[in-house]
Amino acid sequence: MSHPTTYRVTLVCTGNICRSPIAEVVLADAVRAAGLDDRVVVDSAGTGDWHVGTGADPRSVAALHAVGLDGSAHRARVVDRDVLETTDLVVALDTGHDRDLRRLVPGRDEHVVLLRSFDPDADGPDVADPYYGDDAGFTRVVEQVRAAVPGLLDRVRADLATGS
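Everything quoted here is computed from the prediction, not taken from an experiment.

### Section: the sheet that holds strand β4 (residues 112-114)
- Within the open sheet, the 4 strands sit side by side as β2-β1-β3-β4. Their pairing is parallel. Two strands lie at the open edges of the sheet, namely β2 (40-46) and β4, each paired on one side alone. Geometrically, the sheet is characterised by an average inter-axis angle of 25° between neighbouring strands, direction not taken into account.
- Here strand β1 (residues 7-13) runs beside β2; their pairing, made up of 7 bridges, is parallel. Bridge pairing links Arg-8 to Val-41 in β2.
- Packed on one face of the sheet, helix α1 (residues 19-33) meets β1 and β2 and runs near 175° to β2.
- Each of β1, β3 (89-92) and β4 touches helix α4 (residues 95-104); the most contacted strand, β4, lies at about 175° to it.

Here you go:
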């Protein structure tokens, strides 16, 4: 776990250049707007190491820019046991990531959640991977993430209130 006064959320997708950077920026913005940025740290990582050190996909940056957010500072990293053991809430972007993460940190199942589980109107459990598609796929990721963030923020607030 992180420092008692800091709650850490790590969002995870495959390469950490499309979905999870979008989710990181959108959630960090919501955390700031809620006045929790002094207590909550948001970051992201990928299950694969192909893109470590590179920026977010330009289409992710453009989709964020279209809604007034800046993803240009992102640098990809890979998730590992150390990251997961110092994270209070690990948010998987799809069911494959969820499965991989649960294998990495057995016994911490309550700390691994699917992002879309926080969207009551979600049409499925996964944020679809836009990498091989067109710009519209990245716009859809932003929409799916934005729909789930209020519920995710409620979970963060509840965990902060209970000291989880």
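Read on for the rest.
### Some words on the side chain of Glu-24
- By secondary structure assignment, the location of Glu-24 is in helix α1.
- A polar side-chain atom of Glu-24 sits 2.6 Å from a polar atom in the side chain of Ser-44.
- Excluding anything up to four places from it in sequence, Glu-24 contacts Leu-11, Val-42, Asp-43, Ser-44 and His-74.

Cut-offs used in this document
- Residues numbered from 1 in each chain as written.
- Predicted model: local features only at pLDDT ≥ 70, side-chain atom pairs only at ≥ 80, totals over all residues.
- Heavy atoms only, no water.
- Pairing = 2+ DSSP bridges.
- Helix = DSSP H or I, 4+ residues; strand = E, 2+ residues; numbered from the N terminus.
- Axes fitted to C-alpha atoms, helices over the stretch in contact; angles between N-to-C directions.
- Contact = heavy atoms within 4.5 Å.
- Polar contact = N/O pair within 3.5 Å; in protein donor to acceptor, adjacent residues only side chain to side chain.

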